[in-house]
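# Architecture and fold: a report
Chain by chain, the residues:
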Amino acid sequence: MADASTGGVTPAVAGPSGLPGRPSPLVVGVGAARGASAEEVLALIEEALREAGLAPESVAELATVDGRAREPGLLAAAARIGVPLVSYAAEELAAVEVPTPSGAPLAAVGTPSVAEAAALLGGGELLVPKRKSSARPARVTCAVVRRRTEDRGAATTEDRDRDRDRDTSTDADMDTDMGTDAGHDLLRHHGDAEVRDDGAALVDLAVNVRANTPPPWLREEIAASLASLAAYPDGRAARAAVAARHGLPVERVLLTAGAAEAFVLLARALQLRRPVVVHPQFTEPEAALRDAGHQVGRVLLRAEDGFRLDPAAVPQDADLVVIGNPTNPTSVLHPAGVLAGLARPGRVLVVDEAFMDAVPGEREALAERTDVPGLVVLRSLTKTWGLAGLRIGYVLADPAVIASLERAQPLWPVSTPALAAAEACVAPRALAEAGHAAHRIAADRGHLVAGLAGYADRGVRVVGPAEGPFVLVRMPGAEGVRRRLRELGYAVRRGDTFPGLGEEWVRVAVRDRATVSGFLRALSTALG
């Protein structure tokens, strides 16, 4: 059960349940005292599974109470196993009848057994009743449930309903609910939520779309396409233009309604056993995979390593690996050779290059590589050109993969105005303008990073070297700072909705020097 590559329990195979010859998934409920180590958690789970004769590869998730879902020991244990850490509100767990009650957890969180209640909440058969770790004092309890296929489906539906409810919450609601909802990864929370209701009153440093876009010439191209709206969209010219921009045959190109649609197509079209997402990064890949019924493994990169990828952390048997480059929100640009080295026979390697055109010279890009087996590169035209409301992106991959994704698309998935924008944005004139913009962004980012460094004595730290049109910042009391910034007229992106980050993180979009200077003055006030 021990595995040197993951430092603990062998990662679970993240395949579908209920298939012939495959056991139904196991849910391990975990109760933990604050400060419990990953080693104690993993040792107890290993012992419980071994003594019950259960296969560790059948573990599909760890479950706990919301108040413990940000515990580093639990997060690290789930990451080493390669399964999500799911959490529930204390009142939900309190409604579950448990066979092994105890007074201490009842007094602390209102349920007589966090481990049993969390494991049983979605239904299923209790295989291992609550047991305690052998450490003295014992700081961890666990229980194991075999989730029946029908129970799992019901739980998944409930989880999705709960996530949808959170998706429609206002920013104020999310701030208020942090005490109970912090443990859930708010995968569908994005930067636009920071400015959705009162954006007109805020300077937007939360959304990673280049300011003052789209440019006039692009608006004119889009407007001219409106005369053709009576005809069904014809994407052949735009597809050929994108292929020519990268020096690829058209069979390797698929146009999509933004890069986000591409993640949905990948999740639906590919037959996957064990998808893995490298975090922290854009959360839509994992959300799309979950929505398609996949159990998703995570590789959590560490702040102390500068969020750089250690290829050895990626499980060898992962048949889908998703990583961003440069990565949102860390702004880390991974070497192309390191990412290409993740390719394996039978593995799909998805590299999200949505922000690569903001990197001068697009160094470390893999978009034009055809020698990397299983490589799928995603590009977006919405960030640099200010087309988030138009939805246009594309996929570059082997023709067989492109054909599979295309079959999963609806008819006419990309509108005529979006096709016109795509063709215009890959023309030589546009590429030259994007190149100039990338250099301006780099200069403006340098001004932002230098200004933030001036608050180092107040605990402000920037992840570096930053290479994207945004920076990831760690600061004490970031949640309160973010609220005070809003009062001062500036919106930044909360970081705690990215798996692997906590409440002390925020993401700040790069803007022009005047805007950045105003933000830095406001930050000084917000830091108190």
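Use the structure listed above.
Thresholds, definitions, all that
- Residues numbered from 1 in each chain as written.
- Predicted model: local features only at pLDDT ≥ 70, side-chain atom pairs only at ≥ 80, totals over all residues.
- Heavy atoms only, no water.
- Salt bridge = Lys/Arg side-chain N within 4 Å of Asp/Glu carboxyl O.
- Helix = DSSP H or I, 4+ residues; strand = E, 2+ residues; numbered from the N terminus.
- Phe/Tyr/Trp six-rings, centres within 6.5 Å; stacked < 30°, edge-to-face > 60°.
- Buried < 20%, exposed > 50% of the residue type's maximum accessible area, 1.4 Å probe, protein only.
- Lys NZ or Arg CZ within 6 Å of the ring centre and 35° of its normal.
- Pairing = 2+ DSSP bridges.
- Contact = heavy atoms within 4.5 Å.
- Axes fitted to C-alpha atoms, helices over the stretch in contact; angles between N-to-C directions.

On to the pattern of salt bridges, then. This structure, assessed with the given rule, holds 20 salt bridges. Between Arg-34 and Glu-71 there is a salt bridge, with its nearest N and O atoms 3.4 Å apart. Taken as a pair, Arg-34 in the loop between strand 3 (26–32) and helix 1 (38–52) and Glu-71 in the loop between strand 4 (59–65) and helix 2 (72–81) lie far apart in primary sequence, 37 residues in all. Linked by salt bridges that have partners in common, Arg-245, Glu-353, Glu-362 and Arg-379 make up one network.

Once that is clear, we can look at the packing of aromatic side chains. One pass over the structure, following the stated rule, counts six aromatic pairs. With a centroid separation of 4.2 Å and 25° between ring planes, the pair formed by Tyr-232 and Trp-412 is classed as stacked. Of the two residues, Tyr-232 sits in the loop between helix 8 (216–225) and helix 9 (236–246) while Trp-412 sits in the loop between helix 14 (399–408) and helix 15 (416–425), which places them 180 residues apart along the sequence. Residue class for Tyr-232 comes out exposed when judged on its relative accessible area of 61%. The aromatic ring of Trp-385 is capped on one face by Arg-210, whose charged end is 5.5 Å from the ring centroid. Stacked on the ring of Phe-470, the Lys or Arg Arg-507 has its end atom at 5.9 Å from the ring centre.

What follows concerns the sheet that holds strand 16 (residues 461–462). An order of 8-18-19-17-16 is seen for the five strands of this open sheet, with the pairing classed as mixed. The open sheet has two edge strands with one neighbour each: strand 8 (203–205) and strand 16. Sheet topology places strand 16 next to strand 17 (residues 470–474); two bridges connect them, and they run antiparallel. The residue of strand 17 that forms the bridge with Val-462 is Val-473. Each of strand 18 (490–494) and strand 19 (505–509) touches helix 17 (residues 478–487); the most contacted strand, strand 18, lies at about 150° to it. In the packing of helix 18 (residues 513–526) onto the sheet, the strands contacted are strand 8, strand 18 and strand 19, and the crossing angle to strand 18 comes to about 80°.

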